[in-house]
Amino acid sequence: MEILDNLKKCELCPRGCKVNRLEGKLGFCKAKEINLKVAKIGLHYYEEPCISGNSGSGTVFFSGCNLRCKFCQNYKISWEGKGEEISIEELANQMIWLENEGANNINFVTGFMYIPQIVESIKIARKKGLTIPTVYNSSGYESSEALKLLEGYIDVYLPDFKYYYDDLGKKLSNSENYKEVALKAIKEMLRQNPKNIYDEDGMLKKGVIIRHLVLPSHIQNSKQVLKLIKNNFGKDVYVSVMAQYFPCYKANEIPEINRKLTQEEFDDIENFVYELGLKNGYIQYLEENEEKYVPNF
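Residues numbered from 1 in each chain as written. Predicted model: local features only at pLDDT ≥ 70, side-chain atom pairs only at ≥ 80, totals over all residues. Heavy atoms only, no water.

Participant: Report on the pairing of strand β4 (residues 106-109), specifying residues and quantitative values.
Facilitator: Burial of the side chains of β4 extends over both faces: Ile106 and Phe108 are buried on one face and Asn107 and Val109 on the other. Relative to β4, strand β2 (residues 57-62) runs parallel, the two being bridged by four bridges. Counterpart to Gly58 in the pairing with β4 is Ile106. The pairing of β4 with strand β5 (residues 134-138) spans four bridges and is classified as parallel. Within β5, the residue paired with Val109 across the bridge is Asn137. Note that the unit made of β4, helix α4 (residues 115-127) and β5 has a crossover that is right-handed. (Buried < 20%, exposed > 50% of the residue type's maximum accessible area, 1.4 Å probe, protein only. Helix = DSSP H or I, 4+ residues; strand = E, 2+ residues; numbered from the N terminus. Pairing = 2+ DSSP bridges. Right-handed = clockwise from strand over helix to strand, strands pointing away.)

Listed below in structure tokens is the structure:
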């Protein structure tokens, strides 16, 4: 598998650790050689409506991450590496199983460190009859060069755009140059899939949705991110504004994020979305402790 040569001097993410994973060397993300470490595989019902639908998204949660978000809700997976190793062939078999279970798509969550293996597994799965779309669900802290390996294999990209202020990204997620990196990555995603295409049931078959999680006390960061998205990708780009933040893991060490959003903060961001003139996507809001999405602004 020639594509796996990328693991000999791993630069699959912006950190560019350059370790030889085929010899068992570990970089920042702690991913090993050819096998993939997976925390959970199953139907997931809590993505955007056009991803989960009624049948659920066939989600593969990979272990490890190239960020260290202090507030990570999945820290057992991202920080602590909970999970079990499976082969490329087994991942392909799990994709077929998920489709047979009624999944709307195959949703790879934080899979940057396994891009070569994901490509190979999709090849195998398609030969075995996989027909549903593939989704690449990521932090936005991606190598645009590595993303090119996914062209033709990923139908839908779901990147985050977390930070406008790089010092905030450094403080909360141990990232360098987050804004610059995310911009380049999303440009590559949109180059591959420039238009959102939906089926007759409103399920997304092809395209990109840019997600942004609003953080308490950092409303200006959110406004600048949204403005940057519009200025770089236009008012027609699809955006998902998320209000689901709650303090988790190490958030109690940082007073300004050690709480949920206030209604005033959320209203401020919601109004700003409309003021910007963004036309497509979702706004998530909390009502009576239930997460809901308002589609198409």
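Having seen the model, we can carry on.
Participant: So, the sheet that holds β4: which residues are in play, and what are the values?
Facilitator: Taken in spatial order, the eight strands of this open sheet run β3-β1-β2-β4-β5-β6-β8-β7, and their pairing is mixed. Lying at the two open borders of the sheet, with one neighbouring strand each, are β3 (84-86) and β7 (197-198). Looking at chain direction, β5 and strand β6 (residues 156-159) are connected through four bridges and run parallel. In the strand pairing of β6, Tyr136 is matched with Tyr157. The strands that α4 touches are β1 (36-44), β2, β4 and β5; relative to β5, the one it contacts most, it runs at about 165°. (Contact = heavy atoms within 4.5 Å. Axes fitted to C-alpha atoms, helices over the stretch in contact; angles between N-to-C directions.)

Participant: How would you sum up the nonpolar core? Please name residues and give values.
Facilitator: Phe62, Phe71, Phe108, Phe161 and Leu226 are the most contacted members of the largest nonpolar core, which totals 85 residues. Of the residues forming this core, the biggest block, eight residues, is contributed by helix α7 (residues 178-192). Those residues in contact with Phe108 that sit more than four places away from it in its chain are Val60, Phe62, Leu91, Met95, Ile118, Ile122, Thr134, Val135, Tyr136, Asn137 and Ile154. Val156, Leu204, Ile209 and Tyr238 belong to the second largest nonpolar core, which has nine residues in total. (Core = buried A, V, L, I, M, F, W, Y, C linked by side-chain atoms within 4.5 Å.)

Participant: Kindly report on the layout of surface pockets, identifying the contributing residues and their values.
Facilitator: In this structure, the largest pocket encloses a volume near 1,100 Å³. Lining the largest pocket are 43 residues, and of these Phe61, Gln73, Asn74, Val109 and Gln244 sit closest to its centre. For the lining of the largest pocket, the secondary structure elements donating two or more residues are β1, β2, α2 (75-78), β5, β9 (210-213) and β12 (290-295). Ranked by residue count, the leading element in the lining of the largest pocket is β1, at five residues. Here the residues of the lining of the largest pocket sort into 20 nonpolar, twelve polar and eleven charged. (1 Å grid on protein atoms, 1.4 Å probe; cavity = no way out; pocket = protein on both sides within 12 Å on 5 of 7 lines; lining within 4 Å. Points joined across faces, edges and corners; volume = space filled by probe spheres on them. Nonpolar A, V, L, I, M, F, W, Y, C, P; charged D, E, K, R; others polar.)

Participant: Tell me about the packing of helix α8 (residues 219-233) against helix α9 (residues 263-276), and please be specific about residues and values.
Facilitator: For the pair α8 and α9, interaxial distance at closest approach is 10 Å and the crossing angle is 20°. What the angle tells us is that α8 and α9 run roughly parallel. Both α8 and α9 take part in a crossing whose hand is right-handed. Of α9, the residues touching α8 (which contributes Ile219, Ser222, Lys223, Leu226, Lys227 and Lys230) are Glu265, Asp268, Ile269, Phe272, Val273 and Leu276. Residue composition of the contact of α8 with α9, by class: six nonpolar, one polar and five charged. (Parallel < 35°, antiparallel > 145°, perpendicular 65-115°, else oblique. Left-handed = near helix turned anticlockwise from the far one by under 90°.)

Participant: Can you explain the pattern of salt bridges? Please cite residues and give values.
Facilitator: Scanning the entire structure with this criterion turns up 19 salt bridges. With a shortest N-O distance of 3.5 Å, Glu80 and Lys76 are connected by a salt bridge. Owing to a relative accessible area of 45%, Glu80 belongs among the partly exposed residues under this scheme. Here Glu120 and Lys123 are joined by a salt bridge, their closest N and O atoms 3.4 Å apart. Here Glu120 pairs with Lys123, and both are found in helix α4, just three residues apart, close to one helical turn. For Glu120, a relative accessible area of 10% puts it in the buried group. (Salt bridge = Lys/Arg side-chain N within 4 Å of Asp/Glu carboxyl O.)

Participant: Summarise the pairing of β6; cite the residues concerned and give the values.
Facilitator: Going residue by residue along β6, you find Val156 and Leu158 tucked away on one face and Tyr157 and Pro159 tucked away on the opposite face as well. As paired elements, β6 and strand β8 (residues 204-208) share two bridges and run parallel to each other. Across the sheet, the residue bridging to Val156 is Gly207, located in β8.

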